[in-house]
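Observations on chain architecture
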Amino acid sequence: MKSLSGLSSLERTAFYICAALLTLAVLVLAFLLAMTQPRFATPVVNRALNAWGPDGARVASAHLAFPRLSTLVLSGADVPQLAEVKTGALSANVLGFLPGIPWLSEVSARDGRISLAGSDDKDSARPDVRKWVDHIDLANIDLAFNPEKPERTLKLVSAEGSVQNGNVTLHATGADSEVRFEGSAKASGGSTLGGRVRIKGDNMADIARLVGLAAPDTPPYNLTAQLAIKPGAYDLDDIAGTVGDSDLAGSILVDLDKETPYITADIKSNQLDFDDLGVIFALPFGTGNGETVGKAQRQAKEAYQRDSRLIPNIEIDFARLDAVDGQVHYVADTVINSTLDLTGVELDFTITGRVVKAKLARFAFNEGTITAYATLDGTQQPAQTNVVGSLDHVALASLSLDKIARGNVDGEFKADMSGNRLRDAFGRANGSLSIWSTDTQVLALGSEALGLDLGEALVLLASEDKADPVFTPARCLAVVVDINKGIGTLNPAVLDTEDSLIVMKGDVDLETEALDIKIRSDAKDASWGTLVGNVSLGGTLRQPSVNPLNGKAVLQVGLAVVLAQVAGPLAALPFIETGSGQDAPCGALLSRAKNAQGEG
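Residues numbered from 1 in each chain as written. Predicted model: local features only at pLDDT ≥ 70, side-chain atom pairs only at ≥ 80, totals over all residues. Heavy atoms only, no water.

So, on to the pattern of salt bridges. Taken as a whole, this structure holds 14 salt bridges when the rule is applied. The salt bridge involving Asp322 is made with Arg354; its shortest N-O contact spans 2.7 Å. Taken together, the residues Asp322 in helix H7 (residues 318-323) and Arg354 in the loop between strand S15 (342-352) and strand S16 (355-365) connect sequence positions 32 residues apart. Three or more residues joined by partner-sharing salt bridges are found here, namely Glu178, Arg180 and Lys200. (Salt bridge = Lys/Arg side-chain N within 4 Å of Asp/Glu carboxyl O. Helix = DSSP H or I, 4+ residues; strand = E, 2+ residues; numbered from the N terminus.)

Let us now look at the pairing of strand S17 (residues 369-377). Residues in a regular strand point their side chains to alternate faces of the sheet. Pairing of S16 with S17, which is carried by eight bridges, proceeds in the antiparallel orientation. Paired with Ala358 across the strands is Ala374, a residue of S17. Counted along the chain from S16 to the antiparallel partner S17, the turn is three residues long, and its residue Gly368 has a positive phi close to 90°. Inspection of the sheet shows S17 paired to strand S18 (residues 384-395) by nine bridges, in the antiparallel sense. The residue bridging Thr369 from the neighbouring strand is Asp392, located in S18. In this structure, the hairpin formed by S17 and S18 is closed by a connection of six residues. (Pairing = 2+ DSSP bridges.)

Pairing of strand S5 (residues 133-144) with strand S6 (residues 153-162) involves nine bridges; the strand directions are antiparallel. Looking at S6, one finds that Asp137 is bridged to Glu160. For S6 and strand S7 (residues 168-174), the ladder comprises six bridges, and the chain directions are antiparallel. Across the sheet, residue Ser158 finds its bridge partner in S7, namely His171. Here S6 folds back onto S7 in antiparallel fashion, the turn holding five residues, of which Gly166 has a positive phi close to 95°.

A word on the nonpolar core. Membership of the largest hydrophobic core comes to 65 residues, with the highest contact counts inside it found for Ile136, Leu138, Leu156 and Val197. Setting aside its immediate chain neighbours within four residues, Leu156 contacts Leu138, Ala139, Asn140, Ile141, Leu143, Leu170, His171 and Ala172. Counting eleven residues, the second largest nonpolar core, distinct from the first, contains Ala215, Leu256, Ile263 and Val328. (Core = buried A, V, L, I, M, F, W, Y, C linked by side-chain atoms within 4.5 Å. Buried < 20%, exposed > 50% of the residue type's maximum accessible area, 1.4 Å probe, protein only. Contact = heavy atoms within 4.5 Å.)

Our next topic: the environment of Ser536. The topology assignment puts Ser536 in strand S27 (residues 535-539). C-alpha of Ser536 to C-alpha of Met504: the two residues are 32 residues apart in sequence and 9.3 Å apart in space.

What follows deals with the environment of Thr36. For Thr36, the position within the fold is in the loop between helix H1 (9-35) and helix H2 (38-52). For the pair Thr36 and Phe66, spaced 30 residues apart in sequence, the C-alpha separation works out to 6.6 Å. In this structure Thr36 touches His63, Leu64, Ala65, Phe66 and Leu69, once residues within four positions along its chain are discounted. A polar atom in the side chain of Thr36 sits 3.4 Å from the side chain of Gln37. (Polar contact = N/O pair within 3.5 Å; in protein donor to acceptor, adjacent residues only side chain to side chain.)

Here we take up unusual backbone geometry. Cis rather than trans, the peptide bond between Phe66 and Pro67 has omega equal to 10°. Locating Pro67 in the fold gives a position in the loop between strand S1 (61-64) and strand S2 (71-79). In this structure, the amide linkage connecting Gln381 to the following residue, Pro382, adopts the cis form with an omega of -5°. With respect to the secondary-structure elements, Pro382 resides in the loop between S17 and S18. Backbone geometry at Arg354 places phi at a positive 70°, although glycine is not the residue there. The phi angle at His393 is positive, at roughly 55°, despite the residue not being glycine. In this fold, His393 is placed in strand S18.

The subject of this paragraph is the confidence of the model for the protein. Summing up the model confidence of the protein, the mean pLDDT is 79 and the portion of residues at 70 or higher is 76%. Low pLDDT, under 50, characterises residues 445-465; the predicted model gives this stretch 52 contacts beyond four residues in sequence or across chains. Note that pLDDT drops below 50 for residues 526-533; the model gives that stretch 27 contacts with residues more than four away or on any other chain. (pLDDT = per-residue confidence, 0-100.)

Here it is in structure tokens:
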């Protein structure tokens, strides 16, 4: 063996390099072995965090695992305002310097909290985890979308798998909701993590609010979808499931790269249970036995029962309008449990900076449609709402009036309203409503009663076949309501039949919901049972009352009981004796009704 002096210059250089590397390796190994001891490793890690980590970051204990010296085991890790973890581990990847290879082969954590609150820097608010980490193993981690609002916290029950190839599973709960995600390599690729997601809960608005978005209040829901998580976007496709007792399908794209998250939704229901829409307007629809009912619906029912008003006292939720912009298209092919016998619904609206525009709201019946267009401008205070629409050949049976009338009606309506609450908006409304028809048939008993003809009404009642009631043609039906500062004035409402002419005049105060309507009826034939008197409709929209205007209340009671079976509260109308009623000027009345919107 040659001595050092006998080596060539080149050999001596190589020897010194090898010796230095060996010494360095020994020192590194000694350091790594020392790092397996918490009493040595903990202060080293804290000094490193103090020098290069976030301000105030520290660990209660740290050490390298043995013999896996590439894994750093932590406990009591705390990064102020960002994260805290009771126990965890970071496994380094020695090939992490190569392109496409993450620096950490595995990250595990148990019992902790991570703040997901965004910063002014969008890139730092949504780091690409897949660039840094391959395998994750997380359990019992609170994901705080807003640390100052505990209700906006999602509990990550478990998350395990490779975020690199997409084979990862996730289970989370929060806001009375549950989320399960099954990622797959087939659905993932490039910068996209994809898989099947299931979301179920009590109210869709709660889970949307939790993640910083917005949705209307809904009944309990249970939905699945193909989810693609992309940089700055969530893409939900092939949605399937139920909301309340209605099915739901379609797609939703959430674009997070815009200043305000933008939602594009194209959804449909093969069958819509109309009850499920009630909670959106704080109405207690669908809260009976056998219905799928959530907390929001129960609260709406309780509020409605405590109140004496018909118009709900709902308020515009500006926080929801500020949370998202977007465009939504919704179609319901069929409708069940609708009081108005709806057969289909189509809604198309946009939300842009507190301005909601319903480009189309169409409600289809077995015969006819109601179509409306509306704008709600929340940039003004109070909010301004404009609505215009029409009734096109709508069957009276579709409006639940088939027991007293048949045929079809047309109409138009418009309203300009001001208010942040629905009641305030109605109380300040200006606009008009007009309805007309020339092919209406009215229940003969009902028209005779409305015509205040006691004799003919009793004859019809005695001879009528309840399975096949008698209807009498109406020459015309014309209703015009002018609305000024919340006062709806009948101007007028006229029903002209072969035997009777009925005219209604008066007001509906939309602010107080008080009714003050007087009905005048002229019988066109000289019948043997006619009585004298007029009638007024009073009370409120929620609790209307029929009041005689003279002292003949005793004579009215008997007929009121009889007619209550077919005409409800209007059955108590008293009678006037004329026998000389004239035909209504139908042409002029119909023309006025059809042109009422232009007059407004």
